[in-house]
Amino acid sequence: MKEVKTFRCKDLGLECEYEEKAEGENELMKRIEGHVQTMHQMDVQQPETQEKIRKAMK
């Protein structure tokens, strides 16, 4: 079984209540991509953006 990861926009320093959970980093990234692109205009194709998001996952 994969480890459940959690992502919160607050952990990126954003004033946003969005929170998502998924099994593993890749699945979690898929689930949050649309939110961070639409709501925070972050380009998830950029390696530095992906790194920032992955570091915020707990």
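Notes on the structure follow. (Residues numbered from 1 in each chain as written. Predicted model: local features only at pLDDT ≥ 70, side-chain atom pairs only at ≥ 80, totals over all residues. Heavy atoms only, no water.)

1. Notes on the environment of Ala56
Piece 1. Secondary-structure assignment places Ala56 in helix 2 (residues 47–56).
Piece 2. Note on Ala56: relative accessible area 5%, which makes it buried.
Piece 3. Residues Ala56 and Cys9, 47 residues apart in the sequence, show an inter-C-alpha distance of 8.3 Å.
Piece 4. Discounting chain neighbours no more than four positions away, the residues touching Ala56 are Thr6, Phe7, Asp11 and Leu12. (Helix = DSSP H or I, 4+ residues; strand = E, 2+ residues; numbered from the N terminus. Buried < 20%, exposed > 50% of the residue type's maximum accessible area, 1.4 Å probe, protein only. Contact = heavy atoms within 4.5 Å.)

2. Digging into unusual backbone geometry
Piece 1. One non-glycine residue, Gln41, lies in positive phi territory at about 50 degrees.
Piece 2. The topology assignment puts Gln41 in the loop between helix 1 (25–40) and helix 2.

3. Description of the packing of helix 1 against helix 2
Piece 1. For the pair helix 1 and helix 2, the least separation of the axes is 11 Å and the interaxial angle reads 115 degrees. Crossing geometry of helix 1 relative to helix 2 is assigned as right-handed. On helix 2, the residues that touch Glu25, Asn26, Met29, Ile32 and Val36 of helix 1 are Gln50, Ile53 and Arg54. (Axes fitted to C-alpha atoms, helices over the stretch in contact; angles between N-to-C directions. Left-handed = near helix turned anticlockwise from the far one by under 90°.)

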